[in-house]
Every structure is written in C-alpha cells, then in structure tokens.
Amino acid sequence: MVALRIASRGSELALWQSRAVEAALRAADPSLEVRIDVIRTTGDRIQDVPLAKIGDKGLFTKELDAALLAGDADLAVHSLKDVPTRLPDGLALAAVTVREDPCDVVLLAPGRTGGLDALPPGARVGTSSLRRRAQLQALRPDLEVLDLRGNLNTRLAKLDRGDYDAIILAAAGVRRLGWEDRITESLDPGQWLPAVGQGALAVVCCADRADVLDRLRALHDPHTAACTTAERALLRALEGGCQVPIGALGRVDGDRLVLDGLVADTDGTRMLRVQESGPVDDALAIGRRAADALLARGAGEVLAAVRARAAAPGPAAP
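This structure is a prediction, so every number in the text was calculated from the model and none was measured.

**Student:** Any chance you could explain the environment of Thr-61 here in plain terms?
**Tutor:** Among the secondary structure elements, Thr-61 is positioned in the loop between α3 (51-54) and α4 (62-69). Of the residues examined, Thr-61 reaches a relative accessible area of 2% and is grouped as buried. Separated by 26 residues in the primary sequence, Thr-61 and Leu-87 place their C-alpha atoms 9.8 Å from one another. Discounting residues that sit within four places of it in the chain, Thr-61 has contacts with Thr-41, His-78, Asp-82, Val-83 and Pro-84.

**Student:** Looking at this structure, I do not really get the pairing of strand β6 (residues 124-127). What am I missing?
**Tutor:** Within a regular beta strand, the side chains point alternately toward one face of the sheet and then the other, so they alternate between its two faces. Where β6 and strand β7 (residues 144-147) come together, four bridges link them in parallel fashion. Note that in β7 the partner of Arg-124 across the bridge is Glu-144. Remark: the β6/helix α5 (residues 130-139)/β7 crossover connection has right-handed handedness. Summarising the sheet, β6 and strand β8 (residues 166-170) pair through two bridges and their orientation is parallel. Looking at the pairing, Val-125 lines up with Ala-166 of β8.

**Student:** Quick question: what am I supposed to make of the nonpolar core here?
**Tutor:** The nonpolar side chains of a soluble globular protein tend to be buried with one another. The biggest cluster of nonpolar side chains holds 25 residues, and the ones touching the most others in it are Leu-234, Leu-238, Ile-246, Leu-257, Leu-259, Val-263 and Leu-294. Counting only elements with at least two residues in this core, the list comes to α9 (222-237), β11 (246-253), β12 (256-264), β13 (271-279), α10 (283-296) and α11 (299-311). Considering each element in turn, this core owes the most residues, six residues, to α10. Non-local contacts of Val-263, meaning those with residues more than four positions away in its chain, are made with Leu-238, Pro-245, Ile-246, Arg-270, Met-271, Leu-272, Leu-294, Ala-299, Val-302 and Leu-303. Counting 16 residues, the second largest nonpolar core, distinct from the first, contains Leu-13, Leu-107, Leu-152 and Tyr-164.

Scoring rules and cut-offs
- Residue indices follow the written sequence of each chain, beginning from 1 at its first position.
- Local features in a predicted model are, by the rule used here, given only for residues with pLDDT of at least 70; side-chain atom pairs are given and counted only at 80 or more, and totals for whole chains, interfaces and linings are based on all residues.
- As a convention, hydrogens and water are excluded, and side-chain values are obtained from all of the structure's heavy atoms.
- Counting from the N terminus, the helices are the DSSP runs of H or I reaching at least four residues and the strands are the DSSP runs of E reaching at least two.
- Burial classification: accessible surface area is computed with a 1.4 Å probe over protein chains only, and a residue below 20% of its type maximum counts as buried, one above 50% as exposed, and the rest as partly exposed.
- The criterion used for residue contact is that any of the two residues' heavy atoms lie within 4.5 Å.
- Between any two strands, pairing holds if DSSP finds at least two bridges.
- With the strands pointing away from the viewer, any crossover whose connection runs clockwise from the first strand over the helix to the second is right-handed.
- Only buried residues count toward a nonpolar core. Its members are Ala, Val, Leu, Ile, Met, Phe, Trp, Tyr and Cys residues joined through side-chain atoms within 4.5 Å.

Structure representation (structure tokens):
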C-alpha cells in the first residue's frame, strides 16, 4: 500500500493545514496511507526576537525543505506567505490550494468594541509584521504598535490577558481555527494590502518525484496560482521578505488578472501603491510590471532605507 509522509510545523494552525491536505489526498485515493511528521523550524524556536531581526530566508520552511531533500518526507505543507520566492535546488512548488480570505483582520481585547477607528489614542496594537506596522501607522499614528510573536493560540492568549488592546492577524488562520466570532473588523484590501500569498496553502515536494507531483495536481487551484504567481513575481523583483514592508493582492476578473502592490516605509510616512492588470496567463509579467512601477516611484530608496535600519547595530527594532 502506498504511503506518503507530510512534513509539517507543529502549531495548531500548521497541523490544521497539513490535515486539510491529507484529507484532500485521501479523498482522491481512499487507499492512500498518509502520515504527518512534525518538524520544528527556526521561526518556531526563536520567539523573543522580531521577525525582521532574525532574517527572512525560509524562517518557517528551511527545516522542512531539508527533510524533503534528505528523503525523510515526501511533501511539505506551508502557508504560501512563508515560502521564499526562490526554492532550494531540487524542490518544486507542486500545488497552490484554493485561497481562504486573504485579508487582515482586527481582534480586540475582551470588553472592547468596534474596529481600529474606535481605539483611543495610545492604545496598544500587536503585530509581528512590518507591513502591518507601516499601514497601521499611516492610518493611526497615535496608536502604540508593539511586537507580537508566537503561534495564533499564543497571540490570542496574550490579547486576552491584557498585553494588547488589539491585535492584527491574517483572516485565513483565524477562520481555519474557528475563531470567526473574535473578528471585529476585516481590513479592506482597497485600503490595506495583505502579505504576498496570504490565505493560500503551498505544497512543496522534490522536483523529481513524479509520483507525488501527479497526486498533488488534484489540489492545485489555477486561479489562486495565477494571483499568487503575480504577487510572488512582484516580491521577487523587489527582493523582498519579512524585513521589508511589501504587500500585494491579485484577483481574477473574467479573463484578466488585477494586481495591487504596496511598498512602505516602516513608520508609514511613505506609502507607494500601484495597480497593474493583464491576461491571466501573463501573471509573471504583471507582477514584474508592478514591481517596475513601484521602483519608478521610489520604492528602491524606501527599501534601501528600511534594510539599512534593520541591519544597524543596537537593540532590536520594534
């Protein structure tokens, strides 16, 4: 009997995602045996340093990639937003699943109501993302933005014990764990762009594993793949990662793909946005054009300044 080994992070959300892939594989072939093996990543081990200070080369993926290349796993399941735009040699992005809600959402501490607009000046808002920090400070420079690390369960526990007045999370993870009732505001992507790939799952395997690639075709969603291909092309052209505030969101409108892109300074004082569109089949070119348009508006200088601050010696950036 055929058996497949899935490499997964150990958080509740990561296991939910891996079990969803497992269920889809079993639905396609009820005789299939599937095992999930938990692997701890660099991003999981280091919880007391802001992500932007750790580095951005596969924080949540490289240990799983190593297991694939060593033959210790047959496939790995990731949040696509965690997957670098350049995979290690020998690996392939085999499937991108149907996208969950890609937006960011606001969760409030018990007793509070409303959304970001209802928070009083000086309210404490938690996020681990420079992209979210930049957009929040552009909207509400009077709020105190604090770093927030840990898996979703940990972040929610910190909110509920009073460490923060509000936190900003990805809607996809909140919904997948059944916490929809905690969402007080969904941030409109027309005003607030999510991370590249947010809401989609990525399944990675060795490029020479034709048997695994064939099974994973059933999980692949062409529309989500086109949108995220454009987003990742923009990110790759800008050489971005968690150390720089970059957002993007693609959507399919008939036979066309529309891509919105964002580059910001970490304090939100400079917000550069563009929109590009074209045939769905031209997703790569659309992403590259959007990056070129951002660079023409000064994104290179903004990103250089952000990287210089991140590399500066001294205490960790917030």
